Amino acid sequence: MAEVVSVNISEKKGTAKREVPEIQLKLHHGILGDAHAGDWHRQISLLAEESVDKMRSLLPELQPGVFAENINTRGLDLKSLPIGTRLRLGETVVEVTQIGKECHSDCAIKKATGKCVMPTEGIFAVVVKEGTVRKGDPIERLEEEP
């Protein structure tokens, strides 16, 4: 079963996120207290722990949130999900809006290793149903609505 491995926020854009016990998702906003929140298509970023593990072979000390991701997952191939896919994360629901993004030119991980997984394996979503997300919450891919 897929699950949430960590939840992370940052108060300022361009910085690594820090792990927190829980995050609050709000409709038309994203995560309360996160610098990337707002009424736009990249309210929440998700990155599979399996992707982070690939980078840990080069930098073993990598912590949750270092790629500026809000939610780390395990057991779900995020990068293969089509745009429009809905995921239940604990009591919330999010909808995938974008796969990958351009890496910042000053990305410390890319400078140290020559590559970064967020541009090709990270995904972005908007909040469809509000609520709380915590480490250990189950993740369920929801069926398409007719």
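Presented here is a report on the structure given in the accompanying data block. (Residues numbered from 1 in each chain as written. Predicted model: local features only at pLDDT ≥ 70, side-chain atom pairs only at ≥ 80, totals over all residues. Heavy atoms only, no water.)

Mapped onto the elements, R141 comes out in strand β11 (residues 139-141). Along the backbone, R141 and R88 are 53 residues apart, and their C-alpha atoms lie at a distance of 6.4 Å. (Helix = DSSP H or I, 4+ residues; strand = E, 2+ residues; numbered from the N terminus.)

On to the pairing of strand β5 (residues 44-48). Most of β5 sits inside the fold, with five of its five residues counted as buried. Residues I44, L46 and A48 of β5 are buried on one face, and the alternating residues S45 and L47, pointing to the opposite face, are buried as well. Summarising the sheet, β5 and strand β9 (residues 123-129) pair through three bridges and their orientation is antiparallel. Counted as the bridge partner of S45 is F124 from β9. (Buried < 20%, exposed > 50% of the residue type's maximum accessible area, 1.4 Å probe, protein only. Pairing = 2+ DSSP bridges.)

Glancing now at the packing of aromatic side chains. Following the criterion strictly, the structure yields zero aromatic pairs and no others. Here the guanidinium or amino end of K13 rests over the ring plane of W40, the centre of that ring lying 5.8 Å away. Over the ring of F124 we find R42; its NZ or CZ atom is 4.7 Å from the centre of that ring. (Phe/Tyr/Trp six-rings, centres within 6.5 Å; stacked < 30°, edge-to-face > 60°. Lys NZ or Arg CZ within 6 Å of the ring centre and 35° of its normal.)

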